[in-house]
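These are the residues of each chain, in order.
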Amino acid sequence: MPLSVQTRREKQKAELRSELVAAAHKLVQEEGYEGLTIRKLAKRVGYAPMSVYSYFADKQDILFALAADAFETLAKRIEDHPADDPIEALQVVMTEYAAFGLGNPNEYRTVFMTEKVKPPEGRTFAEMQEGNPLMKVLINRVEACVTAGKLKGDPRAIATMLWAVGHGTISLLITFPFYPFGDQQAFVKRMCDFTLAALATQDVPPLTETPVNC
């Protein structure tokens, strides 16, 4: 097969996959987890359901694709907001992550609050984590804080703890909208400031005995 033909087919396949991912984003934004089905996704893009199965084995595969796309979008948004002070640069990560979650509650709930029991075919959870652009940005900014003497300890462990606090905060705000948290963004900032202040007093050890790269 000539390379040009193969390249054209690969490009068409990538374009269709991107179209499916974009349509899946719209579905979950409008209808939530329950609205995301292979049949509805196929109907939205005007293809037969079997065509969708050639790109995604099941609903969980679509969720992984949505998560990967969201992580990439968030990483770009964060990189568009640099800051000279390393702590402020780290706070931007939390602010943008929260803005995404609170601005897209159905999508956040669907993509980040549903159980992932198995990785996509041909990949491991470790490989997915290593290729996560948002985690890379977060760890890079934590490393800058460690280098500047603002934080101390294992960058990946610190990044994971910040992610856990951020995810927990956003999940609470989405799941319990009638609880008196006050202004949502102000509460997110309060949690971020509190966590960073607490971390600044500690030498944070690695999460595991075996080093993990991501």
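These figures come from a predicted structure and were not determined experimentally.

Considering the overall build of the protein chain
Alright, step 1. Scanning the protein chain from terminus to terminus reveals 10 helices and 2 strands.
Alright, step 2. Along the chain direction, N to C, the helices and strands of the protein chain fall in the order α-α-α-α-α-α-α-α-β-α-α-β.
Alright, step 3. Counting contacts in the protein chain only where the partners sit at least 6 residues apart, residues at least 24 apart contribute 70% of the total.
Alright, step 4. When the accessible surface of the protein chain is summed, it comes to about 12,400 Å², and 55% of that surface belongs to carbon and sulfur atoms.

Some thoughts on the packing of helix H5 (residues 86–103) against helix H6 (residues 105–112)
Alright, step 1. The interhelical angle for the contact between H5 and H6, taken along N-to-C directions, is 105°, at an axis separation of 5 Å. Comparing their axes, H6 and H5 come out roughly perpendicular. Between H5 and H6, the contacting residues are Tyr-97, Phe-100, Gly-101, Leu-102 and Gly-103 on the first element and Pro-105, Glu-107, Tyr-108 and Phe-112 on the second.
Alright, step 2. Each residue belonging to the contact of H5 with H6 can be placed in one class, and the counts come to 6 nonpolar, 2 polar and 1 charged.

Focus on the pattern of salt bridges
Alright, step 1. According to the stated counting rule, one finds 5 salt bridges in the structure shown.
Alright, step 2. Note that Glu-30 and Arg-44 form a salt bridge whose closest N and O atoms lie 2.9 Å from each other. Of this pair, Glu-30 sits in helix H1 (residues 3–35) while Arg-44 sits in helix H2 (residues 38–45); the two residues are 14 residues apart in sequence, bridging distant segments of the chain.
Alright, step 3. Residue Lys-189 pairs with Asp-193 through a salt bridge whose shortest N-O separation is 2.7 Å. With Lys-189 and Asp-193 both in helix H10 (residues 184–199) and 4 residues apart, the pair spans about one turn of that helix.
Alright, step 4. You can call Lys-189 exposed: its relative accessible area is 51%.

How each quantity is defined
- Residues numbered from 1 in each chain as written.
- Predicted model: local features only at pLDDT ≥ 70, side-chain atom pairs only at ≥ 80, totals over all residues.
- Heavy atoms only, no water.
- Helix = DSSP H or I, 4+ residues; strand = E, 2+ residues; numbered from the N terminus.
- Contact = heavy atoms within 4.5 Å.
- Areas by Shrake-Rupley, 256 points an atom, 1.4 Å probe, with all protein chains shown as cover.
- Axes fitted to C-alpha atoms, helices over the stretch in contact; angles between N-to-C directions.
- Parallel < 35°, antiparallel > 145°, perpendicular 65-115°, else oblique.
- Nonpolar A, V, L, I, M, F, W, Y, C, P; charged D, E, K, R; others polar.
- Salt bridge = Lys/Arg side-chain N within 4 Å of Asp/Glu carboxyl O.
- Buried < 20%, exposed > 50% of the residue type's maximum accessible area, 1.4 Å probe, protein only.

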